[in-house]
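Chain by chain, the residues:
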Amino acid sequence: MIVKENQVQSVVALSASMEVAVRGENRMGEEANARKEIEAREEILSGSEIIVRALMAEGVDTLFGYPGGAVIPIFDALYDHKERMRHILVRHEQGAVHAAQGYARVSGKVGVALVTSGPGATNAITGIADAMMDSTPLVVISGQVTSNLLGSDAFQEADVIGVTQPITKWAHQVRRVEEIAWAISKAFYIASSGRPGPVVIDIAKDAQVNSCTYSYERTTFLRSYQPVPEPEEDRIKQAAELINRAKKPLALVGQGVTLGNAEHELQAFLEKGGIPFASTTLGLSAMPSGHPLNRGMLGMHGNVAPNIKSNECDVLIAIGMRFDDRVTGNLDTYAKQAKVIHFDIDLSEMDKNVMTTVKVVGDAKQTLPLVTDYLEERTHPEWLAEFEPLHEKEYDRVIRSELYPEGGAIKMGEVVNKVSEATRGKAICVTDVGQHQMMSARYFKFTRHRSLVTSGGLGTMGFGLPAGIGAKYGAPDRTVCIFVGDGGLQMTMHEFGTIMEHAVDVKIILLNNSYLGMVRQWQELFFEERYSSTRMKNPDFVKVADAYGIKGRKVTRREELDGAIREMLGHDGAYLLEVVVETKGMVYPMVPAGESITNILLGNSQ
């Protein structure tokens, strides 16, 4: 068969076109498969579902909140993920944030709260401000009206960003569904990195209900944000040189050690240098209470010896603390004789209150070992011995009668000490704010890290009960003892409902003196005993607890106390132990506000 040339060319052309077509079909198939793979990885999801997926991607297993119109879509999405993420329904949005704080403080994770728009968001403000003052990592998600209504004074609209910007590390409003995953990723990074703190994400309702492609990438870097400064080698050497030359060094331990998970590094540093230390209130559980170098608590109601010796040491070493006014007293007379070394991750704290000789900026977990490497192994027996007479004076004048009274009404410190001993220092101590808070800080003993949860910088009454609930979720295997006063308890007592609904096993120790005790103490000392609006007429707290299914007992006699504490700790479930304590008890020692840290009151006779 003879084939003409043009026929051959046609066959070749047809074959080539068929090959091109096949290649084209293969390429289209490959592209289709690639699209399917992308779609499998990047699902089309609603904004509310993206919020829940993003939280799970950040490892969130527990969040605290209260539903409302502007967050119904988020709560609806949570309904499908109940097995992986539990939502704890509180009774007030302030309780949600305080519970998230308690969770964060004992777990070391970021606490999460979910609230609705308007009053839901504004009710969360106190907790957010508290978290900012105490550097607690939180992400608070608030719902918001739809974006087209913003600025129109719509129902339950509030300028959440304007209100929260001064009391957060970052506050951001999301108006488009495409921004949600990015905003949450950034929020967790900012909240947990560097010096931790609260972040608020305000999400418009239309962003929650609209849909987009979902993918999630955890944030590990933000341009212009340097959460952990690099240590400077010359500062490290300067600090070590000062410590090595010191004859009377004293370390002040703050919460920054705990926030940086640097407890072991701190211990190695202190022990190699033979450096006595004292702690701020928030720094108390960073080191064991019984450590031989531990000289107690600093500040207004702290121990006499470390306060006096702060003004006698030759090198003062501040570690993760901010020189709060309750620690320093009058700055004009504070530690003027000492060379000051300040370890902190936040450069803005340097020279803010106390001028430093050497600034060691960076993460304490990194900077402490660097300095430790240069330290000489030292002991300071003569310097350590100087603390003892002052401690004996405080014990004789204050501690003995507070812990071991001979008759009379039950004392707050006595109760705290007995609970501490009964739990062998292994419990988590959560407090509200007031006299009982200072008694708890002074007399509860700690053997484990992350064991004290209290409101330090803001001093928020009502903090204790919800924070204790959160602490139990953050450390479910540990005993949680919540010390409260009759005033603070009634500010958030509605959270008994949260305990009832979720069967939260917390032990509540109510030290009831029928007064706003700390304010009354100031009225007695500085306002001629004019007790204006500090006497409290209280309900039957045990009956109130019983109405919520919480077992309770009221103790009025010292002989009942030991047995009641055993009963409380042995009870399987929540328990309210109300102890009627002396009506006009005082917290001593006390440095009057604005006075020198060495001007210490030890009793009414002064």
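Here the structure is a predicted model, which means the values were calculated and not measured.

1. Some details on the overall build of the protein chain
- Looking only at helices and strands, the protein chain has 25 helices and 20 strands in total.
- For the protein chain, the spread of C-alpha atoms along the principal axes amounts to about 130 × 60 × 45 Å.
- Per-residue burial over the protein chain gives 57% buried out of 606 residues.
- Across the protein chain, the fraction of contacts at a sequence separation of at least 24, relative to all contacts at a separation of at least 6, is 76%.
- Carbon and sulfur atoms form 50% of the exposed surface of the protein chain, whose accessible area is close to 26,200 Å².

2. Some thoughts on the domain arrangement of the protein chain
- Domain boundaries in the protein chain define domain 1 (2-214), domain 2 (233-385) and domain 3 (404-580).
- Listed per partner, the contact involves seven residues of domain 1 and seven residues of domain 2.
- Looking at the side of domain 1 facing domain 2, the largest losses of area belong to R105, D134 and R195, adding up to 64% of the total buried there.
- For the interface between domain 1 and domain 2, the tally reads two salt bridges.
- Linking domain 1 with domain 2 are four residue pairs in polar contact (both at pLDDT 80 or more).
- Among the residues forming the side of domain 1 that touches domain 2, the class breakdown is two nonpolar, two polar and three charged.

3. Focus on the packing of aromatic side chains
- According to the stated counting rule, one finds twelve aromatic pairs in the structure shown.
- Their ring planes at 70° and their centres at 6.0 Å tell us that F64 and Y473 sit as a pair that is edge-to-face. Here F64, found in strand β2 (residues 62-65), pairs with Y473, found in helix α20 (residues 464-474); they are 409 residues apart in sequence, far enough to count as distant. There is no split in this pair, since F64 and Y473 are both buried.
- Aromatic side chains F496 and Y548 sit 5.8 Å apart centroid to centroid with 65° between the ring planes, which places their arrangement in the edge-to-face category. Here F496, found in helix α22 (residues 496-502), pairs with Y548, found in the loop between α24 (541-547) and β19 (551-555); they are 52 residues apart in sequence, far enough to count as distant.
- An aromatic cluster of at least three residues, connected via ring pairs, comprises F64, Y103 and Y473.
- Directly above the ring of Y79 sits K82, whose terminal nitrogen or CZ lies 4.0 Å from the centroid.
- Its guanidinium or amino end placed over the ring of F387, R295 lies 5.5 Å from that ring's centre, counting from NZ or CZ.

4. Brief notes about the pairing of strand β17 (residues 480-485)
- Of all six residues in β17, six are buried; the element is thus mostly enclosed.
- Note: strand β15 (residues 428-431) against β17, four bridges, orientation parallel. Residue T431 lies in a different strand from β17, and its bridge partner there is F483.
- Bridge analysis of β17 against strand β18 (residues 507-512) gives five bridges, and the strand direction is parallel. Each residue of the ladder has a partner; that of V484, found in β18, is L510.

5. Observations regarding unusual backbone geometry
- P589 follows Y588 through a cis peptide bond whose omega is -5°.
- Secondary-structure assignment places P589 in the segment after β20 (575-580).
- Non-glycine residue R450 carries a positive phi angle of around 50°.
- Tracing the sequence through the fold places R450 in the loop between α19 (435-443) and β16 (452-453).
- Residue R450 is classed as buried on the basis of its relative accessible area of 14%.

6. So, the side chain of R520
- Counting through the fold element by element, R520 comes out in helix α23 (residues 517-526).
- For R520, a relative accessible area of 0% translates into the label buried.
- Polar side-chain contacts of R520 include one of 2.8 Å to the backbone oxygen of G585.
- In contact with R520, not counting residues within four places along its chain, are Q435, Y515, Y531, T534, T583, K584, G585 and M586.

7. With respect to the sheet that holds β15
- If you trace the six strands from one edge of the open sheet to the other, you get β16-β15-β17-β18-β20-β19, paired in parallel fashion. Sheet topology places β16 and β19 at the edges, where each strand pairs with a single neighbour.
- Lying over the sheet, α20 contacts β15, β16, β17 and β18, oriented at roughly 175° with respect to β17.

8. Points about the environment of S310
- Counting through the fold element by element, S310 comes out in helix α13 (residues 304-310).
- Residues S310 and G274, 36 residues apart in the sequence, show an inter-C-alpha distance of 17 Å.
- Residue contacts for S310: discarding those within four places in its chain leaves L250, L252, L298, Y334, A335 and Q337.
- Among the polar contacts made by the side chain of S310, one reaches the main-chain carbonyl oxygen of P306 at a distance of 2.7 Å.

9. Observations concerning helix α2 (residues 47-57)
- Burial analysis of α2 places nine of its eleven residues in the buried class, the great majority of the element.
- Downstream of α2 by one or two residues, G59 has phi in the positive range, about 85°.

10. Topic: the state of the cysteines
- All told, the structure shown has zero disulfides when counted by the stated rule.
- Lacking any disulfide linkage, C481 is separated from the closest cysteine sulfur, that of C429, by 7.5 Å.

11. Description of the pattern of salt bridges
- Under the criterion given, the structure shown has 29 salt bridges.
- The partner of R91 in a salt bridge is E501, with the nearest N and O atoms 2.8 Å apart. Of this pair, R91 sits in the loop between β3 (86-89) and α4 (93-107) while E501 sits in helix α22; the two residues are 410 residues apart in sequence, bridging distant segments of the chain.
- When its relative accessible area of 27% is taken as the criterion, R91 is described as partly exposed.

Conventions and cut-offs
Residues numbered from 1 in each chain as written. Predicted model: local features only at pLDDT ≥ 70, side-chain atom pairs only at ≥ 80, totals over all residues. Heavy atoms only, no water. Helix = DSSP H or I, 4+ residues; strand = E, 2+ residues; numbered from the N terminus. Buried < 20%, exposed > 50% of the residue type's maximum accessible area, 1.4 Å probe, protein only. Contact = heavy atoms within 4.5 Å. Areas by Shrake-Rupley, 256 points an atom, 1.4 Å probe, with all protein chains shown as cover. Domains from an automatic or database assignment. Buried area = accessible area lost by both parts, 1.4 Å probe. Salt bridge = Lys/Arg side-chain N within 4 Å of Asp/Glu carboxyl O. Polar contact = N/O pair within 3.5 Å; in protein donor to acceptor, adjacent residues only side chain to side chain. Nonpolar A, V, L, I, M, F, W, Y, C, P; charged D, E, K, R; others polar. Phe/Tyr/Trp six-rings, centres within 6.5 Å; stacked < 30°, edge-to-face > 60°. Lys NZ or Arg CZ within 6 Å of the ring centre and 35° of its normal. Pairing = 2+ DSSP bridges. Axes fitted to C-alpha atoms, helices over the stretch in contact; angles between N-to-C directions. Disulfide = S-S within 2.5 Å.

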